[in-house]
Amino acid sequence: MLPKVTVIGAGNVGGLTAARVVNASIADCILLDINKNLAIAKQFDIEDSNAILKSKSKIIGTDDYSLVKDSSIIVITAGFPRKPGMSREDLLKANSDVLSKIIANIKDKINEKTIVIAVTNPLDIMTYFLYNNLGLARERMFGMGGTLDSGRFINLIAKKTNKTSDLVEALVIGAHDNTMVPLTDDILVDNQKTEDDFESTSENTVKRGAEIVSYYGTGSAYFAPSAAVYRIIEAILGKKTIKTAASVYLDGEYSLNDLCIGVPVEINENGINKIIQIDLKDQLKEKFYNSAASVKANIEILNKITK
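Model, not experiment: these values are computed from the prediction.

## With respect to the overall build of the chain
A count of helices and strands for the chain gives 9 helices and 11 strands. Since a compact globule built from 307 residues should have a radius of gyration of about 19 Å, the 19 Å found for the chain is in line with a globular shape. Seen along its three principal axes, the alpha-carbon backbone of the chain occupies a region of about 55 × 50 × 40 Å. Looking at the chain as a whole, 51% of its 307 residues are labelled buried. Contacts in the chain between residues at least 24 apart in sequence constitute 70% of all its contacts with a sequence separation of at least 6. Surface exposure of the chain reaches about 14,700 Å², of which carbon and sulfur atoms provide 49%.

Structure follows, in structure tokens:
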């Protein structure tokens, strides 16, 4: 019997995450959305792809929260994107309202072994909101942002150095926004690239999401975000250990408390197995703490509007 993964939100990221999971035959999937027809449409489409790829997994598209029970992993992608003219406070209010309804519907269907992965933006703030309201241990309630950002950084380094991405190791920490902090510059140095190359590659990593949006015209990235979520799910269900970055609640690590932010972690079948503390160089350390200050400021806004 395969484990169950529930994906809440059947948009582009949620739908493709569900497809990756069931096409790979690593779990059965519940694809849940307030728009039941959208969830069912994607169920049928993914089922057809399963037949072509000879997958043994099953998928159900639904709006019925009772089906969430006994899920090994719950992925939350539901929420609104930030639209032109929408303030940061507007987005926090809109998506905290969405998550409040989800929390009310799933809280009695999770247990101490359930792992919840947040994808909804603004990611670090919404991860914090979920962590504070679901009651799970921090090892089992975290956000995926750093895995996506690190993948983008790896890709851009690989292109800069004419390598394939499998030969590149790099990491991005900090918030999943324009204050993120790309860390690894030794690959560029080893390839006789200049400091300017590192700075430009880091800057392009920070801007990558917005650049993709500009080409799409409407909507945002979903191939890479769903791949980031899938990599985490695959590690958990496959009982593998991977090192990546994720948004985790900090309780003294990096001298930070009461916030969720992207840090290096080790993920295994239990979720966050270890928060890896690394020594940051002066400039990177300053950028990281500036990013943490930005998250803290947003949490203060969140706390005011959700009282």
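## Digging into the pattern of salt bridges
Tallied over the entire structure, the rule returns 7 salt bridges. Residue Lys109 is joined to Asp108 by a salt bridge in which the shortest nitrogen-to-oxygen separation is 2.9 Å. Classification of Asp108 by relative accessible area gives exposed; the value is 62%.

## What about helix α2 (residues 36-53)?
The end-to-end C-alpha separation of α2 is 25 Å, in line with the 26 Å expected for 18 residues at 1.5 Å each. Listing the buried residues of α2 in full gives Ala39, Gln43, Ile46 and Asn50. Looking down the long axis of α2, one finds its buried residues gathered within 80 degrees of arc, a one-sided arrangement. Among the exposed residues of α2, those pointing more than 90 degrees away from its buried face are Asn37, Asp45, Ala51 and Ile52. In this structure, the buried side of α2 is in contact with α1 (12-23), β2 (28-32) and β3 (59-62). Two residues or fewer after α2 comes Lys54, characterised by a positive phi angle close to 60 degrees.

## A look at helix α4 (residues 123-134)
Over its 12 residues, α4 runs 16 Å from end to end, which matches the ideal 16 Å to within 8%, given 1.5 Å per residue. With 10 of 12 residues buried, α4 lies mostly within the body of the structure. If you check which residues of α4 are buried, you get Leu123, Asp124, Ile125, Met126, Thr127, Tyr128, Phe129, Leu130, Tyr131 and Leu134.

## Side note on the pairing of β2
When a strand is regular, its side chains alternate between the sheet's two faces. Across the 5 residues that make up β2, a large majority, 4, are buried. Since strand β1 (residues 4-8) and β2 lie parallel, the crossover through α1 that links them has a hand, and here it is right-handed. Considered for its hand, the β-α-β crossover made up of β2, α2 and β3 is right-handed.

## A few points about the nonpolar core
With 86 residues, the main nonpolar core has Ile117 and Phe142 as its most contacted residues. The dominant element in this core, judged by the number of residues it contributes, is α4, at 8 residues. Grouped together as the second largest cluster of nonpolar side chains are 9 residues, Phe153, Ala158, Ala170 and Val172 included.

## Structural notes on unusual backbone geometry
Here the bond from Asn121 into Pro122 is cis, since omega is -5 degrees, no more than 30 degrees from zero. You can see Pro122 is positioned in the loop between β5 (115-118) and α4. One non-glycine residue with positive phi stands out, namely Asp258, at about 55 degrees. Within the secondary structure, Asp258 is located in strand β10 (residues 257-268). Overall, Asp258 belongs to the partly exposed group, its relative accessible area being 31%.

How each quantity is defined
- Residues numbered from 1 in each chain as written.
- Predicted model: local features only at pLDDT ≥ 70, side-chain atom pairs only at ≥ 80, totals over all residues.
- Heavy atoms only, no water.
- Helix = DSSP H or I, 4+ residues; strand = E, 2+ residues; numbered from the N terminus.
- Rg over C-alpha atoms; globule rule 2.2 N^0.38 Å.
- Buried < 20%, exposed > 50% of the residue type's maximum accessible area, 1.4 Å probe, protein only.
- Contact = heavy atoms within 4.5 Å.
- Areas by Shrake-Rupley, 256 points an atom, 1.4 Å probe, with all protein chains shown as cover.
- Salt bridge = Lys/Arg side-chain N within 4 Å of Asp/Glu carboxyl O.
- Expected span 1.5 Å × (residues − 1).
- Arc of directions from axis to C-beta.
- Right-handed = clockwise from strand over helix to strand, strands pointing away.
- Core = buried A, V, L, I, M, F, W, Y, C linked by side-chain atoms within 4.5 Å.

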